[in-house]
Amino acid sequence: MAPFIEAQDLYKTYHIGKVEVPALRGISFSVERGEFVSVVGPSGSGKSTLFYVLGGLTRVDSGRVVLDGADFTKLSDAERTRMRKSKIGFVFQKFNLLPTLSARANIDVALDIAGKNGNRDDAYLERIVGLLGLTSRLQHRPSELSGGEQQRVALARALANKPAIVLADEPTGNLDSRNSEIVLSMLRGSNRELGQTVLMITHNPEAAEFGDRVIHMRDGEIVPPERDPQWTGHH
Ligand SMILES: Nc1ncnc2c1ncn2[C@@H]1O[C@H](COP(=O)(O)OP(=O)(O)O)[C@@H](O)[C@H]1O
Ligand SMILES: [Mg+2]
């Protein structure tokens, strides 16, 4: 079977005035359907850029991203947007909730955006809200929630639509250990139950262990684990 996510020789350089900042320098890897892959690497190694590229939120200079058989890099903006909304659940380090909406309304946004392409399942949604300990928090606005609660709402929003792919960029980066555990267990449980393909970026080796496999990045490239100083001695 073809891989579910395929990254082929991705290059991306940012231009700030005359300064060129290479972020991705020939990244290739593939992820099977249902796999949970962690991506680790020091700050500035290109992890978030890779996250945006895989999610179709930014374009590469060259290379291809194939998601579920479709070449993401060749789709029109409209097609890419449709695919993103129907197939991908995003989790960000800074939660990205809409401040004026209640937790419930923030979660519903994902379902509304997915619209008829979505997999609305209210019983499922109530269950994940319960598993995430949010049942009594649904009327609260983000400013009335702790950081951990906000990230749990963001995770419910990402999973509500039962996306085939979950992309998470440092989802536990701003959380204490208890909330990190809840978020990671939920990601792992959802991956197992629904056969979701998960790609999680983290700089925490313990969080990375929740995945089936770890990809190490450094200076815009994939490197073997022994070249990642953070990793040395961990295994
Ligand atoms: N929007 C941007 N404009 C210019 N440079 C950027 C931008 N985003 C990231 N970079 C640069 O690209 C490199 C990779 O950044 P990033 O992908 O955020 O890495 P990481 O998530 O691993 O910290 C860094 O040198 C960073 O400064
Ligand atoms: Mg980052």
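Residues numbered from 1 in each chain as written. Chains lettered and ligands numbered in written order. Predicted model: local features only at pLDDT ≥ 70, side-chain atom pairs only at ≥ 80, totals over all residues. Heavy atoms only, no water.

(A) Expanded view of a nonpolar patch on the surface. Residues Y14, I16, V19 and V21 make up a contiguous nonpolar surface patch of roughly 340 Å² in combined accessible area. Every element with two or more residues in the nonpolar patch is listed here: β1 (5-16) and β2 (19-31). Relative to the helices and strands, Y14 is located in strand β1. For Y14, a relative accessible area of 33% corresponds to the partly exposed category. (Patch = residues over 30% accessible without salt bridge, like charges linked within 9 Å, V, L, I, M, F, W, Y side chains within 5 Å. Areas by Shrake-Rupley, 256 points an atom, 1.4 Å probe, with all protein chains shown as cover. Salt bridge = Lys/Arg side-chain N within 4 Å of Asp/Glu carboxyl O. Helix = DSSP H or I, 4+ residues; strand = E, 2+ residues; numbered from the N terminus. Buried < 20%, exposed > 50% of the residue type's maximum accessible area, 1.4 Å probe, protein only.)

(B) Spotlight on the packing of helix α5 (residues 147-159) against helix α6 (residues 177-194). Interhelical geometry of α5 versus α6 gives an angle of 10° and a closest axis separation of 9 Å. Relative to α6, the element α5 is oriented roughly parallel. Contacts between α5 and α6 involve G148, E149, Q151, R152, L155 and L159 on the former and, on the latter, R178, N179, I182, V183, M186, L187 and S190. Taken together, the residues of the contact of α5 with α6 sort by class into six nonpolar, four polar and three charged. (Axes fitted to C-alpha atoms, helices over the stretch in contact; angles between N-to-C directions. Parallel < 35°, antiparallel > 145°, perpendicular 65-115°, else oblique. Contact = heavy atoms within 4.5 Å. Nonpolar A, V, L, I, M, F, W, Y, C, P; charged D, E, K, R; others polar.)

(C) Up close: α6. Under the 1.5 Å per step criterion, the end-to-end length of α6 is 25 Å for 18 residues, consistent within 8% with the ideal 26 Å. Lining the buried residues of α6 we find β3 (36-40), α4 (122-131), α5, β7 (165-169), β8 (197-201) and α7 (205-208). One side-chain oxygen of the residue at the start of α6 lies 3.3 Å from the amide nitrogen of R178, identifying that residue as D176. A positive backbone phi angle near 65° is found at G195, which sits one or two residues after α6. (Expected span 1.5 Å × (residues − 1). Polar contact = N/O pair within 3.5 Å; in protein donor to acceptor, adjacent residues only side chain to side chain.)

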